[in-house]
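# Reading the structure
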Amino acid sequence: MYRDRDIVSQANRYIDSDYIMIFTGARQTGKTTILKHLYEKAQSGNQKAHFITLEDFDYLSLLNESPKNLLSIVGLDVKERVTVFIDEIQYLNHPTNFLKYYYDEYKDKIKLIVSGSSAFYLDSKFADSLAGRKRIFQVYPLSFSEFLLFKDELALWKKFKQSVNLDNLGLDHFNKIEQRQFQLRIDEYIRFGGYPRVVLESDNQENQAILRDLVESFIKKDILEAAVNYPDKFLQLLRLLASQIGGLVNKNELANTLGLSTTAIENYLSIMLRSFHIVLIPPYFANLRKELTKQQKVYFYDLGLRNLLIRNFDLADLRPDRGEVYENFIFRELLEHTRLDQIKFWRTQNKNEVDFIIGDTHAFEAKYNISTFSLSKYRLFRETYPDMRFNVVYHTGANDKEITDIRLCQF
């Protein structure tokens, strides 16, 4: 059964535009499913539409032979516009040239909606050649809200969607029974993540097998297509980053540990970023020049993948890294309510730190257990940024803090 993704709602605004719509993201996050859904929707609306997968060698051979072969495949009609859905566009020899050609020559007759994995997104010519012609939709692993929907928790999903946002992050406004139901699902999401195939599987051992397949098959495809010189080192680096989520990324230290140059480390990090496995967030400074020269913090888009890399699927209460895992979960939730470039962190040379700064308006500190929170540690930040709303989000523990000027929220 198809379940609507949040990204589809955003994309629907551009269905009738001339823009090329490109769904990109990590492998196995649901791009093909989204494309097929939009194709079926177009057909049901009596629109002329064609679906082509470039995993079909016949189609791939024809379009590589000449982009104009698409015209004979779809049977272009001068009286009627056609929407063409192309899955796995990155398999073309020159995908950006293909898309640019059809936009420039046929945008009034052919609407292109395509999917492309990280290999397509890595194309160095991508940004320039399609400037002003494209709209990109990044398909991440399922958010927690989408996770609830895929688990058929429809009542919880509806309430969550309606009431959780940056100004109201947490479960405090739900009753005790609902809070318990939410937290059980959060614990499951933290363990196994949000890849759709994983979420739809209820057996824990099978979940782990699916995640192993992702690493063995799909991440190694990313490595191959990016022409990585030392694939074993690449995976070692990914595992090192998985072991230090929420921590600062020291490229020199990583280079020394792996016996690589800092240039190689930077290249590998770039591939991981564009393959949508990790994200690096910068520190918050009023001075942008300082911000660009400081170390960044690393998080994973999917905690299931991260837990597979460190071989630990224990329940949160049994994990020595439960604080870091919970912090990564809060990052993933914040990403649903703001743009990635709006998420930063604050840290001084004396190691005063706040986990997340959103724009210039919100600050969030993540604590797995509220008992570990000490207000005095954040005095400098609150004095420096008195107008910024300070929130402490926590998962467990009794809220016996008598604090009036910050917001404590259980999540």
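You'll find the structure just up there.
A brief look at the structure comes next. (Residues numbered from 1 in each chain as written. Predicted model: local features only at pLDDT ≥ 70, side-chain atom pairs only at ≥ 80, totals over all residues. Heavy atoms only, no water.)

## Section: helix H13 (residues 231–242)
Our working definition: Secondary structure elements follow DSSP: runs of H or I no shorter than four residues count as helices, runs of E no shorter than two count as strands, and numbering proceeds from the N terminus. Between the first and last residue of a helix there are one fewer steps than residues, each counted as 1.5 Å, and that sum is the expected span. Between buried and exposed lies partly exposed: a residue is buried under 20% and exposed over 50% of the maximum accessible area for its type, with that area taken using a 1.4 Å probe on protein chains only. What the arc measures is the spread of directions leading from the helix axis to the C-beta atoms. Any pair of residues with heavy atoms lying within 4.5 Å of one another is described as a contacting pair.
An ideal rise of 1.5 Å per residue puts 16 Å on 12 residues; H13 measures up with 17 Å between its terminal C-alpha atoms. Those residues of H13 not exposed but buried are Phe 234, Leu 235, Leu 237, Leu 238, Leu 241 and Ala 242. Along the long axis of H13, the arc covered by the buried residues comes to 155 degrees, so they all point the same way. Against the buried residues of H13 lie helix H12 (204–225), helix H14 (251–258), helix H15 (262–274), strand E6 (278–281), strand E7 (297–300) and helix H17 (303–310).

## Digging into the packing of H12 against H13
The relative placement of two packed helices comes down to the angle between their axes together with the axis-to-axis distance. Selection criterion: With axes taken as lines fitted to C-alpha atoms, and helix axes fitted only over the stretch in contact, angles between N-to-C directions fall between 0 and 180 degrees. To sort the angles, those under 35 degrees are grouped as roughly parallel, those over 145 as roughly antiparallel, those from 65 to 115 as roughly perpendicular, and the leftovers as oblique. Each crossing gets its hand from how the near helix is turned against the far one by less than a right angle, where anticlockwise is left-handed and clockwise is right-handed. Gly falls in the polar group here, along with every residue not listed as nonpolar (Ala, Val, Leu, Ile, Met, Phe, Trp, Tyr, Cys, Pro) or charged (Asp, Glu, Lys, Arg).
Across the interface, H12 lies against H13 with an axial gap of 11 Å and an inter-helix angle of 125 degrees. Classed by the angle they form, the pair H12 and H13 counts as oblique. The two elements H12 and H13 cross, and the hand of that crossing is right-handed. Between H12 and H13, the residues in contact are Ile 219, Lys 220 and Ile 223 and Pro 231, Phe 234, Leu 235 and Leu 238, respectively. Residues that form the contact of H12 with H13 fall into these classes: six nonpolar, no polar and one charged.

## Thoughts on the sheet that holds strand E5 (residues 134–138)
Here is the rule we go by: Between any two strands, pairing holds if DSSP finds at least two bridges.
Taken in spatial order, the five strands make up an open sheet running E2-E3-E4-E1-E5, and their pairing is parallel. Across the chains shown, the open sheet's two edge strands, defined by having one partner strand only, are strand E2 (48–53) and E5. The average undirected angle you get between the axes of adjacent strands in this sheet is 15 degrees. The strands touched by helix H5 (residues 95–106) within the sheet are strand E1 (20–24), strand E3 (82–87) and strand E4 (110–116), with E4 carrying the most contacts at an inclination of about 165 degrees.

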